[in-house]
Amino acid sequence: MATETAATGAGPYDFDRAVDRHGTWCTQWDYVEDRFGVPGLLPFTISDMDFETAPEVMRALRGRLEHAVLGYSRWRHEDFLGAVVDWYQRRHDTPVRPESLAYAPSVLYQAGVLIDLWSRPGDGVVTHTPAYDAFPRLVAAHGRELRGCAPDDWAEFERLLALPDTSVLLLCSPHNPTGHVWTAAELGRMAELCARHGVAVISDEIHADLTHAPHVHRPWPNYATAQGDDARWAVVTSASKSFNIPALTGSYGMIGDPDSHAAYLSRLKDADGLSSPAVLMLTATIAAYREGAPWLDALRAYVSDNLRLVSDRLDAAFPELRWRPPEAGYLAWIDLRRLGVDDEALQRRLIEHEKVAIMPGTAYGAPGFVRLNVGCPREKAERGVEALVRALRATTGGSAAGGSAAR
């Protein structure tokens with residue numbers, strides 16, 4: 001794997017440069033009022049980044065647009081499949097069978113189709129909590145029951161898998177919102193338990209390329225053999241998080257069982273009419289996986305420094321939190337329970353006085369937490385953590401060390 005390099009405004013990629021996203025129909029900036037009820041807040045919310053994507057990706061997109069014909073396209077070709085296979089071999093030391101790959105319009109679409117294929121209405125779908133907020137909605141929309149357990153509660157995990165109507169494990173790897181990177185032992189144990197109880201596995205690995213050293217992402221195919229040769233498993237993922245291209249719409253996955261793979265493609269093409277991919281997504285993914293590794297490594301180093309900034313500031317202000325950066329991603333999942341925080345009071349303070357939007361843990365089923373997105377230039381990250389410290393001091397009576405940041 002490529003070595004992480006420093007990334008600042010003086011480096012080859014300028015992550016310090018602020019990009020004005022207003023007026024671009026941007027969910028995080030232009031529509032912050034939809035969730036928080038107030039316009040114009042400085043947002044640290046939805047999980048996209050404020051950085052321009054890799055210049056190698058932008059160059060490929062411009063070249064494709066210069067062609068000026070944007071007709072129907074195909075995804076089953078060597079350029080796309082080969083780029084994915086090569087990426088997994090180089091970045092994750094994981095062989096991928098090209099015939100197992102499948103295009104999807106989104107990660108959640110693919111997960112939803114597989115839930116339909118591998119379970120019946122009313123069946124249980126197990127996931128780890130706190131959970132990515134789209135998971136409960138997805139499972140409910142497909143008429144299944146979400147069954148959650150804490151990541152370290154193995155007794156409850158097995159109890160849920162053993163229920164006769166539990167059909168699917170919906171795994172988030174690395175985990176969102178906590179940023180936990182599952183170890184080889186943890187994944188092996190999950191695979192063995194799912195095999196024992198006949199539970200299919202859908203592994204959402206969209207944050208896989210954003211791990212922070214020394215943590216290493218381990219794709220599910222490395223553990224699927226524990227389920228048996230005819231096991232039902234899938235990885236659903238995309239280059240969108242790691243290269244900041246979610247607006248291009250599209251994803252891909254791996255489906256281990258050939259019959260399930262065929263059934264999925266039939267649903268994609270025949271039932272839903274979605275088999276023609278977003279060509280710019282294909283273009284961007286190929287360029288990212290072929291040429292974008294140096295940019296990604298610089299990004300990870302920059303984000304790691306942002307997360308250390310958050311850690312240092314929280315340690316100085318509230319050492320009792322003992323907060324440490326996540327093992328993956330750019331989302332700081334912060335446990336405030338030691339401060340006796342009142343979630344509603346904290347949100348009111350953040351919104352009305354600090355004029356910032358920071359996701360409450362209640363959105364993920366976790367009162368007493370917040371999720372702070374620091375996939376942004378350092379100056380913005382500083383403003384976010386300083387606003388949080390001031391709001392916590394005001395609402396809990398705590399004292400924060402050090403001076404306040406410039407606004």
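My aim in this report is to walk through the structure given alongside it, one point at a time. All values reported here derive from a predicted model rather than from experimental measurement. Per chain, residue numbering runs from 1 following the sequence as it is written. Only residues with pLDDT of 70 or above have their local features reported here, since the model is predicted, and side-chain atom pairs are shown and tallied only from 80 upward, although totals for entire chains, interfaces and linings are computed over all residues. The side-chain values count all of the structure's non-hydrogen atoms but skip hydrogen atoms and water molecules.

### A look at the overall build of the chain
Consideration 1: Looking only at helices and strands, the chain has 14 helices and eleven strands in total.
Consideration 2: Its C-alpha atoms put the chain at 60 × 55 × 40 Å along the principal axes.
Consideration 3: The buried share of the chain, reckoned over its 407 residues, is 55%.
Consideration 4: Pairs at least 24 apart in sequence give 75% of the contacts found in the chain among residues at least 6 apart.
Consideration 5: Accessible area for the chain stands at about 17,000 Å²; split by element, carbon and sulfur atoms hold 51% of it. Secondary structure elements are defined from DSSP: runs of H or I of at least 4 residues count as helices, runs of E of at least 2 residues count as strands, and each element is numbered from the N terminus. Think of it in three bands: residues with accessible area under 20% of the maximum for their type are buried, residues over 50% are exposed, and the middle band is partly exposed, with areas taken using a 1.4 Å probe on protein chains only. Contact between two residues is taken to exist if any of their heavy atoms lie within 4.5 Å; hydrogens are not considered. Surface accessibility follows the Shrake-Rupley procedure with a 1.4 Å probe radius. Residue values consider only the protein chains on display as shielding.

### Here we look at the sheet that holds strand β11 (residues 369-373)
Consideration 1: Pairing between two strands is assigned when DSSP locates at least 2 bridges connecting them. Within the open sheet, the four strands sit side by side as β1-β10-β11-β9. Their pairing is mixed. Each having just a single partner strand, β1 (42-44) and β9 (331-335) make up the two edges of the open sheet. Neighbour-to-neighbour, the strand axes of this sheet turn through a mean angle of 30°, independent of strand direction.
Consideration 2: Sheet analysis places β1 next to strand β10 (residues 356-360), joined by three bridges and oriented parallel. Note on β10: the bridge partner recorded for P43 is A357. To obtain each axis, a line is fitted to C-alpha atoms, and for helices this fit is confined to the stretch in contact; angles are then taken between N-to-C directions over 0 to 180 degrees.

### Digging into empty space enclosed by the protein
Consideration 1: Method remark: on a 1 Å grid restricted to protein atoms, a set of points is classed as a cavity if a 1.4 Å probe fits but cannot get out and as a pocket if it is open with protein on both sides within 12 Å along at least five of seven lines; lining residues have an atom within 4 Å of a point. Grid points are joined across faces, edges and corners, and a volume is the space filled by probe spheres set on the points. Counted according to the given criterion, the structure contains four cavities of 30 Å³ or more.
Consideration 2: Of the volumes computed, that of the largest cavity is approximately 70 Å³.
Consideration 3: Lining the largest cavity are P174, H175, N176, P177, T178, G179, H207, A328, G329, Y330 and L331.
Consideration 4: Across the lining of the largest cavity, the residue classes break down as five nonpolar, six polar and no charged. Any residue that is not Ala, Val, Leu, Ile, Met, Phe, Trp, Tyr, Cys, Pro, Asp, Glu, Lys or Arg is counted as polar, Gly included; the first ten are nonpolar and the last four charged.

### Side note on unusual backbone geometry
Consideration 1: Put simply, T129 and P130 share a cis peptide bond, and its omega is 5°.
Consideration 2: Here P130 lies in the loop between β3 (124-128) and α6 (134-141).
Consideration 3: A cis amide bond links S173 with the next residue in sequence, P174, at an omega value of -5°.
Consideration 4: Positive phi, close to 50°, is recorded for D93, a residue that is not glycine.
Consideration 5: Among the structural elements, D93 can be located in the loop between α4 (78-92) and β2 (101-104).

### Structural notes on the nonpolar core
Consideration 1: In terms of nonpolar packing, the biggest core is built from 117 residues, with W220, F243 and I334 touching the most fellow members.
Consideration 2: At eleven residues, the largest contribution of residues to this core is made by helix α12 (residues 293-317).
Consideration 3: Setting aside its immediate chain neighbours within four residues, F243 contacts T53, A54, W87, A288, Y289, G292, W295 and L296.
Consideration 4: Among the nonpolar cores identified, the runner-up in size contains ten residues, and L41, W333, I351 and F369 belong to it. Only buried residues count toward a nonpolar core, which is a set of Ala, Val, Leu, Ile, Met, Phe, Trp, Tyr and Cys residues joined through side-chain atoms within 4.5 Å.

### Some words on the pairing of β3
One face of the sheet, then the other: side chains in a regular strand alternate in exactly this way.
Consideration 1: Judged by how many residues are buried, β3 sits mostly within the fold: five of five residues are covered.
Consideration 2: Residues G124, V126 and H128 point to one face of β3 and V125 and T127 to the other, with burial holding for every one of them.
Consideration 3: Here the term right-handed applies to a crossover when the path leading from its first strand over the helix to its second strand runs clockwise, the strands being oriented away from the viewer. In this fold, the crossover linking β3 to strand β4 (residues 145-149) by way of α6 has right-handed handedness.

### Digging into the pattern of salt bridges
Any two side chains of opposite charge can pair if their charged atoms end up close together.
Consideration 1: Just to be clear on terms, a salt bridge is a Lys or Arg side-chain nitrogen sitting within 4 Å of an Asp or Glu carboxyl oxygen. According to the stated counting rule, one finds 26 salt bridges in the structure shown.
Consideration 2: One salt bridge in this structure joins R17 and E52, with 2.4 Å as the shortest N-O distance. Remark: E52 occurs in the loop between β1 and α3 (55-67) and R17 occurs in the segment before α1 (27-30); sequence separation between them is 35 residues.
Consideration 3: Judged by its relative accessible area of 40%, R17 is partly exposed.
Consideration 4: With a closest N to O distance of 3.9 Å, R137 and D133 form a salt bridge.
Consideration 5: We classify R137 as exposed; its relative accessible area is 53%.
Consideration 6: One connected set of salt bridges, linked through shared partners, spans R21, D48, D50 and K380.

### Details of the packing of aromatic side chains
Consideration 1: Here a pair means two rings of Phe, Tyr or Trp (six-membered ring of Trp) with centres within 6.5 Å. Their orientation is stacked below 30 degrees between planes, edge-to-face above 60, and tilted elsewhere. According to the stated counting rule, one finds 17 aromatic pairs in the structure shown.
Consideration 2: Relative to Y289, the ring of Y252 lies with its centre 6.3 Å away and its plane at 90°, an arrangement referred to as edge-to-face. One end of the pair, Y252, is in strand β8 (residues 251-255); the other, Y289, is in helix α11 (residues 279-291), with 37 residues separating them in the sequence.
Consideration 3: Residue Y252 is classed as buried on the basis of its relative accessible area of 2%.
Consideration 4: The class of Y289 is buried, set by a relative accessible area of 1%.
Consideration 5: Note on criteria: charge over ring means Lys NZ or Arg CZ within 6 Å of the ring centre, with the direction from the centre no more than 35 degrees off the ring normal. Stacked on the ring of Y302, the Lys or Arg R378 has its end atom at 4.1 Å from the ring centre.

### Comments concerning α4
Consideration 1: Given a helix with a known number of residues, its expected span is that number minus one, times 1.5 Å. In this model α4 runs 20 Å from its N-terminal to its C-terminal C-alpha over 15 residues, within 8% of the 21 Å that 1.5 Å per residue would give.
Consideration 2: Within the span of α4, buried status applies to F80, L81, G82, A83, V84, W87, Y88, R91 and H92.
Consideration 3: Buried-residue contacts for α4 involve β2, β7 (233-237), α9 (240-243), β8, α11 and α12.

### Points about the sheet that holds β4
Sheet strands pair via backbone hydrogen bonds, and the direction of the pair is either parallel or antiparallel.
Consideration 1: Sheet architecture is open: seven strands sit in the order β2-β8-β7-β6-β5-β3-β4, paired in mixed fashion. Of all the strands in the sheet, the pair left with one neighbour each is β2 and β4. Averaged over all pairs of adjacent strands, the angle between their axes in this sheet comes to 25°, without regard to strand direction.
Consideration 2: Of the pairings in the sheet, the one linking β2 to β8 comprises four bridges and is antiparallel in character. The residue of β8 that forms the bridge with A102 is G253.
Consideration 3: The sheet strands contacting α4 are β2, β7 and β8, and the helix crosses β8 at an angle near 70°.
Consideration 4: Of the strands in this sheet, β3, β4 and β5 (166-172) touch helix α7 (residues 154-162), which is tilted by about 160° from β4.

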